[in-house]
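# What the coordinates show
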Amino acid sequence: MQRRYLLQAAGSLPLASWLAPRAAFAFEGAELYAGERALYDEAKKEGLCVSFDTGPEWANWKSLFRDFKKRYPEIELTYNDLGSAATVVALEKMRRRPQADTAYYFAASAVDAVKKDVVAPFKPLHFDKLPEVFREPEGRWFTIHTLNIAFLVNRKLVRNVPAGWADLLKPEYKGAVTYLDPRSTGVGQVMAFAAAYANGGSVDDVKPGIDYLGRLHAAGNVQRVEGTTPYAKFLKGEIPVWIGYENDGLKAKYADGMGDDCAVVIPKEASVAAPYAISLVKNGPNPNAGKLWLNFIMSTAGQQLFAQGFVRPAVPGTPLPADIAAKMPAAPQIRPLDVVKAAARKAEVDQLWAQVALAGK
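Here's what I pulled together on the structure shown here.

Criteria and cut-off values
- Residues numbered from 1 in each chain as written.
- Predicted model: local features only at pLDDT ≥ 70, side-chain atom pairs only at ≥ 80, totals over all residues.
- Heavy atoms only, no water.
- Helix = DSSP H or I, 4+ residues; strand = E, 2+ residues; numbered from the N terminus.
- Rg over C-alpha atoms; globule rule 2.2 N^0.38 Å.
- Buried < 20%, exposed > 50% of the residue type's maximum accessible area, 1.4 Å probe, protein only.
- Contact = heavy atoms within 4.5 Å.

### What to know about the overall build of the chain
- The helix and strand inventory of the chain stands at 13 helices and 13 strands.
- Expected size for 361 residues packed as a compact globule is a radius of gyration near 21 Å; at 21 Å, the chain falls within 12% of this value.
- Along the first, second and third principal axes, the C-alpha set of the chain runs to 65 × 40 × 35 Å.
- Sorting the 361 residues of the chain into buried and exposed places 55% on the buried side.

See the structure below:
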């Protein structure tokens, strides 16, 4: 999935409005949480919520926009699609006159936003249910969904679908495995930590994961290392096994025509969940509408909509319809990635990986 990275001067960021029919009345029935109606009443005085980096085709944001509008018809939602790093840059540039109410990004960028003091504390619905590494203690960011490392397998090109990391070392996968460069891509970094957990390491000890990748290269089983997403190549049948994100495999399988030719495997030894987070922007123009939007995102209804977009809800125990649950079976071997610790080890990952993967080149 390609994300647009549009970096523009503060004050000229393009916003598109999600338009939906305006209902005559506010929501009916029971509140989703205590105080919801009172918060809506305050948000109606603002009438607008500006949501940065929530492009509608990514992670099923379009469905969250739609259902938010149905429940809160007097709040207009506007959004843009900047990309994680560019979102933090934009927030910093406009810190004196913030234009955004909420900001969504890979959690490593959320950590950066906290350091730059451009986001505010807010603990939404279900905040305390999140793993500790999936939330900033005061609520300056919190995870709303994850992307998980998986094997994306083209059954037409592979006789036996690998079940785990050890399988990929077998001779039958010679020249079959593609993954992304850990030095330049987020998914490559995350994959290195997944391999570490699978081989006796952890986020505090990534060397076992890098050593595993070295063995994979030494066996001749690596087809190529990519610098950008090879999704189109996978769809075209050019990649037998891609170590990537689960949601790309599910999209290929259920939305982009591969069907049963695509297998999506969470490796049995271990995987990791990459957290995607959101924040309330410090001094945003519509704080009550922003809080209403964040609570809706973290509600059971909002979390279920993410699952329909092939990304896993962050709130543990979110009930999913049977057809969605079948596409994302329980995988207790998935470990929540501590992005603060992972980011601190980036230089180590880069150096160790270059030693094992580029040796002799």
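### Some points on unusual backbone geometry
- A positive phi angle, near 70 degrees, is found at Asn-60, a position not held by glycine.
- Along the polypeptide, Asn-60 turns up in the loop between strand E2 (48-52) and helix H2 (61-71).
- For Asn-60, a relative accessible area of 11% translates into the label buried.
- Phi at Asn-283 is positive, roughly 60 degrees, even though this residue is not glycine.

### Details of helix H4 (residues 107-115)
- The set of residues buried in H4 consists of Ala-107, Ser-109, Ala-110, Val-111 and Ala-113.
- Buried residues in H4 make contact with helix H3 (84-93), strand E4 (102-106), strand E5 (119-120), strand E11 (271-281) and helix H12 (339-344).

### Quick look at the environment of Asn-60
- Sequence spacing of Asn-60 and Ala-307 is 247 residues, and the spatial spacing of their C-alpha atoms is 8.3 Å.
- With residues up to four places along the chain from it excluded, the contact list for Asn-60 reads Leu-305, Gln-308 and Gly-309.

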